[in-house]
Amino acid sequence: MKDRKHAAPVFKPYEQDQMLLIPPTAAELIPADHLARVIDRAIDGMELEELFATYEGGGASSYSPVMLLKVLIYAYTQKVYSSRQIAKQVRENVVYMWLSGRNTPDFRTINNFRSSHLKECIQDVFAEAVGILVEEGYIGFKAYYLDGTKIEANANKYSFVWRKATEKYKARLEAQIRSILEEADRAMEEENAVYGDRDLEELGGNGPIPPEKLKAAIERINEKVRSRLAGHEELKKKICRDLATVESKDLPRLERYQKELGIMEDRKSCSKTDPDATFMGMKEDPMRNHQLKAAYNVQMGTEDQFIVGYSIHQKPTDTTCLIPHLTAVKKRLGRLPTTIVADAGYGSEENYAFLERRRLRAFVKDTMFRREKERSFAKQVYRKENMPYDEERDRFTCPAGRHLTFHHEQHTKSANGHPATVRIYEGHRCGGCDHRAACCSGQGNRRIQVNRNYERLRARARQRLESPEGLYHRSRRPVDVESVWGQIKQNRGFRRFMLRGIDKVEAEWGLVVLAHNMIKMRQAMA
């Protein structure tokens, strides 16, 4: 068999230094349906006076904020979040070159625009973007699917400050300071006759010690020591040494505790790296040890997977975020969607009452919605939900046939200050009951709590949830809003903020939201 002769390979021309008579512009290299063109047209169609107002006149000229906004939004669609990486793309990537008009801002300029200028007006820019979605017919403010997630803050996970520990250390330090100052004051016989066992007036009684009053007390005692203990050098040295310790070590610690408690306000924790962040439990727990991390609670509402509203919160529970979130959306957009859909994390008397007052058609589960439908729940005969209730006599009947009658009313307030009235029902002679071990968890008679207003609101919510419309929204919610979380966190890899401080974090999340909506707009056009 003869060997077959193969033709010599032929390659296409390759000339890196080939000159062109008419070089193409950057725009000619960008396809007509490219995502960058969608972003370019959308931003050009916005009214951005609030963004321009963040710049002061005078000095050297600044890069165009419109250009920087376009570049940042496109970068976030491409999973590029670092300002240095964005600056690198502007120098090397033809799409960024076209969006930037061949401008080459460095990473400091990009980061300053993102953290300083955008934080002042990101809400206005987002409202403009939502307006475009409404005009183009992508959203109609009909159904609003709400959900929240925790996004890790740009903070060291070991930089925690706990309220309970800070209050304990502060009280212990204040007691130590009082002891030292009172001992120094009583060491002088004349002062002892005046004060006896009473506290120093400069420290404001037996309550917390303000740092400024502590400074005044130290100065006063120092003056008295210098003027009245002449000739008692040993005692004078001891008192001066103790006062110096209080002034150099204890006073700075007291000021630090005071500052930390002021930063936390009504929160239980904060981070030293990012004081606005709160330590929260995260779904991402690879070590499975329930480790808390500094994070923000991000609330977001969608319609047809377009993000219509968002807000950043410092409290970890979704229950406390619904009202401030919807209030912020109303303020930003001027109106609210007619239908609100949320999961069981938002079911509470306060939230139901708010939605009822605003006359919003809400489909919000309560915390027991799914559990009460399980077969095992009906077998738990000792739960109050499964005890027969006699409305006429206002009493419950336990499995042993005994009655739990009304005992008293208890008035409580939620974390946001919402008042609630709880009716307490108590059994009789539960001590000798054969069912006590299974029925009662503590000492005394069995007690149950009933919130009539919450039960009424919950019954109305369940009626809506079990209607055909409710079944539709319950099946639609995971597809609509939870898939958006998956696209942002998993597909685009945004799981940790780059900036610190809640204002800057809000601006950064605004870029994430704008990028997502631009991608969805591009997909809808295809």
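Just above sits the structure.
Attention in this report is confined to the structure presented alongside it. Note on numbering: residues in each chain are counted from 1, in written sequence order. At least 70 in pLDDT is required for a residue's local features to be given in this predicted model, at least 80 for side-chain atom pairs to be given and counted, and no such filter applies to totals for whole chains, interfaces and linings, which use all residues. For the side-chain quantities, the full set of heavy atoms in the structure was used; hydrogens and water were omitted.

As for the overall build of the chain
Now for step 1: Put simply, DSSP H or I for four residues or longer makes a helix, DSSP E for two residues or longer makes a strand, and each gets a number counted from the N terminus. Helix and strand counts for the chain stand at 17 helices and 13 strands.
Now for step 2: For the exposure calls, accessible area comes from a 1.4 Å probe over protein chains only, and a residue counts as buried if that area is under 20% of its type's maximum, exposed if over 50%, partly exposed in between. The buried share of the chain, reckoned over its 526 residues, is 45%.
Now for step 3: Residue contacts follow a heavy-atom distance rule, with two residues in contact if any of their heavy atoms lie within 4.5 Å. Excluding contacts between residues fewer than 6 apart, the proportion of contacts in the chain whose partners are at least 24 apart in sequence is 66%.
Now for step 4: If you sum the accessible surface of the chain, you get close to 29300 Å²; carbon and sulfur atoms cover 49% of it. Only the protein chains shown count as cover for residues, and all accessible areas are computed by the Shrake-Rupley method using a 1.4 Å probe.

A few points about the packing of aromatic side chains
Now for step 1: Put simply, two rings from Phe, Tyr or Trp (the six-membered ring, in Trp's case) pair if the centres are within 6.5 Å, and we call them stacked under 30 degrees between planes, edge-to-face over 60, tilted for the rest. As enumerated under the stated definition, the model contains 18 aromatic pairs in all.
Now for step 2: Considering the side-chain rings of Tyr 76 and Tyr 81, the 5.0 Å spacing of their centres and the 70° angle between planes classify their relative orientation as edge-to-face.
Now for step 3: A relative accessible area of 2% means that Tyr 76 is categorised as buried.
Now for step 4: Exposure remark for Tyr 81: the relative accessible area of 12% places this residue in the buried category.

Comments concerning the pairing of strand E13 (residues 447-450)
Now for step 1: On E13, burial follows the alternation: Ile 448 and Val 450 on one face are buried, whereas Arg 447 and Gln 449 on the facing-out side are not.
Now for step 2: For two strands to count as paired, DSSP must find a minimum of two bridges between them. The pairing of strand E12 (residues 419-426) with E13 spans 4 bridges and is classified as antiparallel. Bridge assignment links Tyr 425 to a residue of E13, and that residue is Ile 448.

What about the side chain of Arg 395?
Now for step 1: Turning to its location among the elements, Arg 395 is positioned in strand E10 (residues 395-397).
Now for step 2: Positive charges are assigned to Lys and Arg, negative charges to Asp and Glu, while His and the chain termini are left out of the count. Any Lys or Arg side-chain nitrogen found within 4 Å of a carboxyl oxygen on Asp or Glu counts as a salt bridge. Comment: no salt bridge for buried Arg 395; closest opposite-charge side chain is Asp 390, at 4.3 Å.
Now for step 3: Setting aside residues no more than four positions away along its own chain, Arg 395 makes contact with Pro 388, Tyr 389, Asp 390, His 403, Leu 404 and Thr 405.

Topic: the sheet that holds E13
Now for step 1: On the basis of which strands lie adjacent, the open sheet formed by 5 strands has the order E9-E10-E11-E12-E13 and antiparallel pairing. A single partner strand is all that each edge strand has here, and the edge strands are strand E9 (389-390) and E13.

Digging into unusual backbone geometry
Now for step 1: Even without being a glycine, Arg 102 presents a positive backbone phi close to 65°.
Now for step 2: Note that Arg 102 resides in the loop between helix H5 (94-100) and helix H6 (107-135).

Here's the deal with the pattern of salt bridges
Where charged atoms from two side chains of opposite charge come close, those side chains can pair.
Now for step 1: Under the criterion given, the structure shown has 26 salt bridges.
Now for step 2: Residue Arg 256 pairs with Glu 260 through a salt bridge whose shortest N-O separation is 3.5 Å. Here Arg 256 and its partner Glu 260 are both found in helix H10 (residues 233-264), 4 residues apart, which amounts to about one turn of the helix.
Now for step 3: A residue is classified by how much of its surface remains accessible, and Arg 256, at 39% relative accessible area, is partly exposed.
Now for step 4: The network of salt bridges with common partners includes Asp 366, Glu 372, Glu 455, Arg 458 and Arg 462.

Notes on helix H1 (residues 35-44)
Now for step 1: Among the 10 residues of H1, 8 are classified as buried, and the element is accordingly described as predominantly covered.
Now for step 2: Turning to H1, its buried residues number three or more, namely Leu 35, Ala 36, Arg 37, Val 38, Ile 39, Asp 40, Ala 42 and Ile 43.
Now for step 3: Along its buried surface, H1 packs onto helix H3 (65-77), H5, H6 and helix H17 (502-525).

Section: a nonpolar patch on the surface
Now for step 1: Exposure above 30% relative accessible area and the lack of any salt bridge qualify a residue for a patch; like charges then connect within 9 Å, and the nonpolar side chains Val, Leu, Ile, Met, Phe, Trp and Tyr within 5 Å. Side chains of Tyr 158, Phe 160, Trp 162 and Leu 292 sit close together on the surface and give an oily, nonpolar patch of about 400 Å² of accessible area.
Now for step 2: Topologically, Tyr 158 is positioned in the loop between strand E1 (143-152) and strand E2 (160-162).
Now for step 3: Tyr 158 gets classed as exposed once you look at its relative accessible area, which sits at 57%.

Observations concerning the nonpolar core
Now for step 1: We define the nonpolar core as a collection of buried residues of types Ala, Val, Leu, Ile, Met, Phe, Trp, Tyr and Cys that are connected through side-chain atoms lying within 4.5 Å of one another. Residues Leu 69 and Trp 509 are the most contacted members of the largest nonpolar core, which totals 101 residues.
Now for step 2: Those residues in contact with Leu 69 that lie beyond four places of it in its chain are Ile 43, Leu 48, Leu 51, Phe 113, Leu 118, Val 125 and Leu 511.
Now for step 3: The next biggest cluster of nonpolar side chains, apart from the first, holds 13 residues, and it includes Leu 181, Leu 214, Leu 243 and Leu 251.

Quick notes on the side chain of His 313
Now for step 1: You can see His 313 is positioned in strand E6 (residues 306-313).
Now for step 2: Take His 313: its relative accessible area is 10%, and that puts it in the buried class.
Now for step 3: N or O atoms closer than or at 3.5 Å make up a polar contact, with two conditions inside protein: a donor-capable atom paired with an acceptor-capable one, and, for residues adjacent in sequence, both atoms drawn from side chains. Looking at His 313, its side chain comes within polar contact range of the side chain of Ser 311, at 2.6 Å.
Now for step 4: Setting aside its immediate chain neighbours within four residues, His 313 contacts Met 280, Tyr 296, Asn 297, Gln 299, Cys 321, Pro 324 and His 325.

Quick look at the environment of Lys 283
Now for step 1: Within the secondary structure, Lys 283 sits in the loop between strand E4 (278-281) and strand E5 (292-303).
Now for step 2: On the basis of relative accessible area, Lys 283 is assigned to the exposed category, the value being 77%.
Now for step 3: For Lys 283 and Thr 149, which are 134 residues apart along the polypeptide, the C-alpha to C-alpha distance reads 8.7 Å.

A look at the packing of helix H12 (residues 349-357) against helix H15 (residues 452-465)
Now for step 1: For helices, the fitted line uses only the C-alpha atoms of the stretch in contact; every axis is such a line through C-alpha atoms, and the angle between N-to-C directions lies from 0 to 180 degrees. Two elements in contact, H12 and H15, have axes whose closest approach is 9 Å; the angle formed by their N-to-C orientations is 65°. As H12 runs across H15, the sense of the crossing is left-handed. Contacts between H12 and H15 involve Glu 349, Tyr 352, Ala 353 and Glu 356 on the former and, on the latter, Asn 453, Tyr 454, Arg 456, Leu 457, Arg 458, Arg 460 and Ala 461.
Now for step 2: Three classes are used: nonpolar for Ala, Val, Leu, Ile, Met, Phe, Trp, Tyr, Cys and Pro, charged for Asp, Glu, Lys and Arg, and polar for all others, with Gly counted as polar. Considering only residue class, the contact of H12 with H15 consists of 5 nonpolar, 1 polar and 5 charged. Crossings are sorted by hand: turned counterclockwise from the far helix by less than a right angle, the near helix makes the crossing left-handed, and turned clockwise it makes it right-handed.

Comments concerning the state of the cysteines
Now for step 1: The disulfide definition used here is simple: a pair of cysteine sulfur atoms within 2.5 Å. Considering all chains together, one arrives at 0 disulfides under this definition.
Now for step 2: With no disulfide partner, Cys 440 has as its closest neighbouring cysteine sulfur the one in Cys 439, 4.3 Å distant.
Now for step 3: Note on Cys 440: relative accessible area 14%, which makes it buried.

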